[in-house]
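Each chain is listed here by its residues.
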Amino acid sequence: MPPTSRNPNALPIYVQIAELLIRDIAAGRLIDGERLPPERDMAADLNVSVGTLRKSLSELEKKGMLERIQGSGNYIRETGTQNSVYAMFRLELPEGGGLPSADILSVDHLEKPANLPGFGAAAMGSRVRRMRYLNDTIIAVEEIWLDESVGLIDGNLLSDSLYRYYQQQLGFWITRAVDRVSIAALPDWTPTGFTKPFGQTVGYIERFSWSEQVEPVEFSKTWFDPDRATYVQRLK
């Protein structure tokens, strides 16, 4: 079943289920031509109504990722273009897939510190710190900086998908990103509920993200537990 989100602005349940299925398709856990279980069985496994499940399947059908054959069932169609809310979220469970969600730790509007790499046009930015989950498994902590020139982040409206928030609340879309993957020590603000204590070395991702501007508008740092998640970049 999809995780119970801790965020009051979480995606609707039917969208969460659709995103979970999309990530399972991308990870190869559901393959092209595979027939899904009967809808009532799937709904029971996911602990949702049949009506909610059908809305989820309709989302996949709109994206060309599902074929519904009357009297036969629902079949996966791998199109290679998932168009997912989480298309740029590249951490997965060791077995593949997993639905991302987040606990928001803090949202602040600050002057960019001198130790941040250069990005954007403004001296100020919004800083978001979150603890990330895949399904109900804690996997990462992250710090995201958004340049003030494209808007300010309102923590009261922030959803599990930051990129969806940018599109719906600030009117822009992240079109590309560059990741640098290495290792680093967990920061001193790491929550006590995280899987490892601050200072311990874990997987580390630095990301620059672009919208329409020449300069990147976002810079983020993600520390992830390699025992619980894997960085995956698929080329198609």
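Whatever comes next refers back to the structure up there.
Residues numbered from 1 in each chain as written. Predicted model: local features only at pLDDT ≥ 70, side-chain atom pairs only at ≥ 80, totals over all residues. Heavy atoms only, no water.

**Digging into the pattern of salt bridges**
For step 1, the next point in the chain: Counted according to the given criterion, the structure contains 16 salt bridges.
For step 2, the next point in the chain: With its nearest N and O atoms 2.5 Å apart, the salt bridge here joins Arg-54 to Glu-39. Within this pair, whereas Arg-54 is found in helix α3 (residues 50-62), its partner Glu-39 is found in helix α2 (residues 39-46), the two being separated by 15 residues in sequence.
For step 3, the next point in the chain: Each of Glu-39, Arg-54, Glu-61 and Arg-68 takes part in a single network of salt bridges with overlapping partners. (Salt bridge = Lys/Arg side-chain N within 4 Å of Asp/Glu carboxyl O. Helix = DSSP H or I, 4+ residues; strand = E, 2+ residues; numbered from the N terminus.)

**Observations concerning unusual backbone geometry**
For step 1, the next point in the chain: Even without being a glycine, Asn-47 presents a positive backbone phi close to 60°.
For step 2, the next point in the chain: Considering the arrangement of structural elements, one finds Asn-47 in the loop between α2 and α3.
For step 3, the next point in the chain: Its identity is not glycine, yet Asn-135 carries a phi of approximately 55°, on the positive side.
For step 4, the next point in the chain: Relative to the assigned elements, Asn-135 resides in the loop between β5 (124-134) and β6 (137-147).

**Some points on the sheet that holds strand β9 (residues 218-224)**
For step 1, the next point in the chain: With antiparallel pairing, the 6 strands of this open sheet are ordered in space as β4-β5-β6-β9-β8-β7. Two strands close off the open sheet at either side, each with one partner strand: β4 (100-111) and β7 (176-185). Across the sheet, the mean angle from the axis of one strand to that of its neighbour is 15°, orientation sign disregarded.
For step 2, the next point in the chain: Here 10 bridges tie β7 to strand β8 (residues 201-210), and the two strands are oriented antiparallel to one another. Bridged to Ala-177 within β8 is Ser-209.
For step 3, the next point in the chain: Along the sheet, helix α4 (residues 162-170) contacts β5, β6, β8 and β9; its crossing angle with β6, the most-contacted strand, is approximately 35°. (Pairing = 2+ DSSP bridges. Axes fitted to C-alpha atoms, helices over the stretch in contact; angles between N-to-C directions. Contact = heavy atoms within 4.5 Å.)

**Brief notes about the pairing of β8**
For step 1, the next point in the chain: Counting buried positions over the 10 residues of β8 gives 8, a clear majority of the element.
For step 2, the next point in the chain: By the bridge criterion, 7 bridges tie β8 to β9 in an arrangement that is antiparallel. Within β9, the position partnered with Arg-207 by the bridge is Ser-220. (Buried < 20%, exposed > 50% of the residue type's maximum accessible area, 1.4 Å probe, protein only.)

**Brief notes about the nonpolar core**
For step 1, the next point in the chain: With 18 residues, the main nonpolar core has Leu-21, Leu-36, Leu-53 and Leu-60 as its most contacted residues.
For step 2, the next point in the chain: Of all the elements in the fold, those that place two or more residues in this core are α1 (13-26), α2 and α3.
For step 3, the next point in the chain: It is α1 that provides the largest number of residues to this core, a total of 5 residues.
For step 4, the next point in the chain: Setting aside residues up to four positions removed in sequence, Leu-53 forms contacts with Ile-17, Glu-39, Met-42, Ala-43, Leu-46 and Val-48. (Core = buried A, V, L, I, M, F, W, Y, C linked by side-chain atoms within 4.5 Å.)

**Details of the side chain of Asn-74**
For step 1, the next point in the chain: Positionally, Asn-74 belongs in strand β2 (residues 73-76).
For step 2, the next point in the chain: What makes Asn-74 buried here is its relative accessible area of 7%.
For step 3, the next point in the chain: Polar side-chain contacts of Asn-74 include one of 3.1 Å to the side chain of Glu-39.
For step 4, the next point in the chain: A distance of 3.4 Å separates a polar atom in the side chain of Asn-74 from a polar atom in the side chain of Arg-68. (Polar contact = N/O pair within 3.5 Å; in protein donor to acceptor, adjacent residues only side chain to side chain.)

Geometric descriptors of this kind do not, in isolation, establish any biological role.
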